[in-house]
Amino acid sequence: MSTLDKKEARRLLKAEKQAEKHSLARNLISRRTNLFFNILLIIFCILIVFPLWIIAISSITSETALTTYGYRLWPMEFSVNAYTYLFRDGSIMITAYKNTIIATLTGTVLSVVTVGLYSYALSRPDFRFRKFFTFFSFFTMLFGGGMVSYYNMTRSVLGLKDTVWALFLPMSFSAYWVIIMRTFYQSSVPEAIIESARIDGSGEWRTLLQIVCPLAIPGFATVGLFSAIGIWNDFRNCLLINDSAKFFNLQYTIYQTMNNLRFLKENASRMGGVNVANLPAETFRMAMAVVTVGPIIMAYPFFQKYFVKGLTVGAVKG
Amino acid sequence: MSAVKPVTPKRKNRHASQGGWKRQAAYVSMVIPGVVLLLMFSYLPMPGIILAFKSYQMTMPTETSLFQNVFLNSLIASSWNGINNFTYLLKDAPMLIRNTVGYNLLFMVVGVILQVGLAVIINEMRNRKTAKVYHTIAFMPYFVSWIVVMYALYAMISFSGFFNQVGISLGHEPIKYYSQKQYWPWIFLLANIWKYTGQGSIIYLATLTGFDEQLYEAGSIDGASKWQQFRYITLPQLMPTIVMLQILAVGRIFNGDFDMFYSLPNGSGTLRQVTTTIDVYVYDMLKKGNLRNSFGYAGAGAFFQSVVGFVLILVTNFIVRKHQPDMALF
């Protein structure tokens, strides 16, 4: 009797499992569709990588091969001359690199500190002016003074023209990051911890620095990485605010190189004397682009999860 | 009525729960650095919007001037000229609006379809690990600056570029892309797809993975195909996210991706008709320092962008809130 029960039970369990497996299997896309999607995405990924591939390959092609055969998928003749020329003494690229690195490091620290503090206050339900300061930052997402006013205010009124400050200060605070960081505090720092710290007699600043900060490090990383990318890739602020080559960042320097070359090429016949062959060569320019984007592409896969978090948290209404 | 009324807990005294002034002072001190940066770079330029109604003339400050700064003094001293700056822009307005709004609408529509598509495909894939690799690659262009894209584009479409090499080997004449307008709307569209599809899909993917699995099981038991599940389960649930992101996009419809429109054409003058958006126009105006009142004209363009953008976002949000309250942004 009891063995029969057991058998019956085992049979039922098996049937149940099978049914479950069946339903799960049925709710997956078919293998053929899956194959189709894979092919589709492989093509898509090739198209994504392709432009960067062309830059990288042409930067390690010899100049003569590039002028003779044009841009190709694989170099007709290898050469790393462009890179050795790039980092010779007194190269504009060295100045640009130095400025960009200083700006990125300083700006990143500044954004983490300012955004971290601002959004902590906004995340506290007992902050009396919470609504006001939330609106104060949110409003900047909706309305701005426009480029002309910005141009004049930053250059002349704030006096940022031709300074390294221009390369990071305008980008070190954003209402968007405040939303990300506030949501982060609210979701990953338990209220009870803050409450108990308070009961133990800790002041607000001390609670933030000693209790909350260690818990909020992934949030800081997210804000810091977005800020770092923004400053590294900044073109517009440098274009608007800085006029002197001493204070150009990477993006603007390589933009200028391309632009100057086009100008010279177009006017070479008119100016007569300029020999186009002596201008910074094409491989050299491609090498500039490679060293500009290289560090980001190398570092990005390691930090991807923070970027994903930042982009998704910001989409939550608040 | 003998039932005892349930006792509602008394609300705590509001001020008691907010702590003393010391706590409030601590919070205020925390927001100060951020407030300073917002004031400097977001609020300070706002009053400058009146440039749009001024005939800007550089005026040197005197001893008695309110502001000793040349720009601020000129801003105040310059005479008002009504809507003259706007009428000056009128001749270029159709081209500018067509380019700016046209490209933005195109990017929005194509963008949503591709981004949602990519998110759904990645979510449905049987091989989870490779799906992740695909996504990592698709997300990458988001971190590549437009200036580097400009270089890549040059390597592909310049006279000796890759496409022309392929063309030559197939026996075609090389094409001068940088001086032929008809290619550029497509180049911008492709560049935009290239850069933003992976990034845009992240939000949709995160939303998708949060959906209740039971709905899909129920659907599949009732015999819904994968396509029907997408159409009747996924899409309706995804709608609030899509709508919210589109509201934000509508608010920016008069702002182009300045870096892209400004850098990709590589300064080619013959392309101006199809590459000049309001942003680019305002910048070009701004740089014509020698032209009289160019700041005023540029200011009019900027005013149009800011104010119309602001109104648009409020109106869209209002309409959405009226019909679908939970889809509204604020």
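Residues numbered from 1 in each chain as written. Chains lettered and ligands numbered in written order. Predicted model: local features only at pLDDT ≥ 70, side-chain atom pairs only at ≥ 80, totals over all residues.

Notes on the overall build of chain B
Alright, step 1. Helices and strands together make up the secondary structure of chain B, namely 15 helices and 2 strands.
Alright, step 2. In terms of C-alpha radius of gyration, chain B reaches 27 Å, well past the compact-globule figure of 20 Å for 330 residues.
Alright, step 3. With respect to the three principal axes, the spread of C-alpha positions in chain B is 85 × 75 × 35 Å.
Alright, step 4. When contacts within chain B are restricted to residue pairs at least 6 apart in sequence, long-range pairs at least 24 apart make up 67% of them. (Helix = DSSP H or I, 4+ residues; strand = E, 2+ residues; numbered from the N terminus. Rg over C-alpha atoms; globule rule 2.2 N^0.38 Å. Contact = placed C-beta atoms within 7 Å.)

Quick notes on the overall build of chain A
Alright, step 1. The helix and strand inventory of chain A stands at 14 helices and 0 strands.
Alright, step 2. Counted from the first residue to the last, chain A has its helices and strands arranged as α-α-α-α-α-α-α-α-α-α-α-α-α-α.
Alright, step 3. Looking at the 318 residues of chain A, the share that counts as buried comes to 40%.
Alright, step 4. For chain A, the proportion of contacts with a sequence separation of at least 24, taken over those separated by at least 6, is 73%. (Buried ≥ 20, exposed ≤ 12 C-beta atoms within 10 Å, placed from the backbone.)

A closer look at the nonpolar core
Alright, step 1. Counting residues in hydrophobic clusters, the biggest one holds 145 residues, and the most contacted among them are A121(A), Y151(B), A152(B), A155(B) and V282(B).
Alright, step 2. Top contributing element to this core by residue count: helix α7 (residues 146–157) of chain B, with 12 residues.
Alright, step 3. A domain split of this core shows at least three residues from each of domain 1 (13–85) and domain 2 (90–280) of chain A.
Alright, step 4. Those residues in contact with V282(B), other than ones at most four positions away along the chain, are M147(A), V148(A), A298(B), G301(B) and A302(B). (Core = buried A, V, L, I, M, F, W, Y, C linked by C-beta atoms within 7 Å. Domains from an automatic or database assignment.)

A look at the interface of chain A and chain B
Alright, step 1. The interface is formed by 80 residues belonging to chain A together with 85 residues belonging to chain B.
Alright, step 2. Elements that contribute at least two residues to the side of chain A that touches chain B include exactly α1 (2–26), α2 (31–59), α5 (92–123), α6 (130–142), α7 (147–157), α10 (204–215), α13 (250–271) and α14 (282–313) of chain A.
Alright, step 3. The residue inventory of the side of chain A that touches chain B, partitioned by class, reads 49 nonpolar, 22 polar and 9 charged. (Nonpolar A, V, L, I, M, F, W, Y, C, P; charged D, E, K, R; others polar.)

Regarding α7(B)
Residues and elements named next belong to chain B.
Alright, step 1. End to end, α7 covers 16 Å across 12 residues, agreeing with the expected 16 Å (1.5 Å per residue, within 8%).
Alright, step 2. With 12 of 12 residues buried, α7 lies mostly within the body of the structure.
Alright, step 3. Looking only at α7, the buried set comprises W146, I147, V148, V149, M150, Y151, A152, L153, Y154, A155, M156 and I157. (Expected span 1.5 Å × (residues − 1).)

Quick notes on helix α3 (residues 70–77) of chain B
Alright, step 1. When α3(B) is considered as a whole, its buried residues turn out to be F71(B), S74(B) and L75(B). Seen along its axis, α3(B) keeps its buried residues to an arc of 105 degrees; they face one direction.
Alright, step 2. Buried-residue contacts for α3(B) involve α7 of chain A together with β1 (54–55) of chain B. (Arc of directions from axis to C-beta.)

Re the environment of Q228(B)
Alright, step 1. With respect to the helices and strands, Q228(B) occurs in helix α11 (residues 226–251).
Alright, step 2. Expressed as a C-alpha distance, the spacing of Q228(B) and I83(B), which sit 145 residues apart in the sequence, is 54 Å.

With respect to the packing of α5(A) against helix α11 (residues 217–232) of chain A
Residue and element names in this part refer to chain A.
Alright, step 1. Contact pair α5 / α11: the axes reach a minimum separation of 8 Å and the direction vectors enclose 145 degrees. Like other packed secondary-structure pairs, α5 and α11 cross with a definite hand, here right-handed. Here T100, A103, T104, G107, T108, S111, V112, V115 and G116 of α5 lie close against α11, whose contacting residues are F220, V223, G224, S227, A228, I231 and W232.
Alright, step 2. Tallied by class, residues from the contact of α5 with α11 come to 8 nonpolar, 8 polar and no charged. (Axes fitted to C-alpha atoms, helices over the stretch in contact; angles between N-to-C directions. Left-handed = near helix turned anticlockwise from the far one by under 90°.)

Thoughts on the confidence of the model for chain B
Residues and elements named next belong to chain B.
Alright, step 1. Chain-level pLDDT for chain B is 85 on average; 92% of the residues reach the 70-or-more range.
Alright, step 2. Here residues 10–16 scores under 50 on pLDDT; set against residues more than four positions off or in separate chains, the count is 1 contact.
Alright, step 3. Across the interface, the model reports ipTM at 0.85; the global pTM reads 0.86. (pLDDT = per-residue confidence, 0-100.)

A word on the packing of helix α5 (residues 93–124) of chain B against α11(B)
Residues and elements named next belong to chain B.
Alright, step 1. Two numbers describe how α5 lies on α11: the axes approach to 11 Å, and their chain directions differ by 135 degrees. One element, α5, and the other, α11, form an angle in the oblique class. Note on packing geometry: the crossing formed by α5 with α11 is right-handed. Taken together, the residues of α11 that come into contact with α5 (itself represented by M108, V112, V116 and V120) are F230, T234, L238, I242, Q246 and A249.
Alright, step 2. Residue composition of the contact of α5 with α11, by class: 8 nonpolar, 2 polar and no charged. (Parallel < 35°, antiparallel > 145°, perpendicular 65-115°, else oblique.)

Details of unusual backbone geometry
Alright, step 1. Non-glycine residue D162(A) carries a positive phi angle of around 55 degrees.
Alright, step 2. Counting through the fold element by element, D162(A) comes out in the loop between α7 and α8 (175–188).

Observations concerning the environment of L190(B)
All names here are of chain B.
Alright, step 1. Here L190 shows up in helix α9 (residues 184–209).
Alright, step 2. For L190, a count of 13 C-beta atoms within 10 Å gives the class partly exposed.
Alright, step 3. Measuring from C-alpha to C-alpha, the distance between L190 and V320 comes to 30 Å, with 130 residues separating the pair along the chain.

Quick word on the environment of M285(B)
All names here are of chain B.
Alright, step 1. As for its position among the elements, M285 is in helix α14 (residues 278–287).
Alright, step 2. Along the backbone, M285 and A298 are 13 residues apart, and their C-alpha atoms lie at a distance of 5.5 Å.
Alright, step 3. Once residues within four sequence positions are removed from consideration, M285 is found in contact with S294, Y297, A298 and G301.

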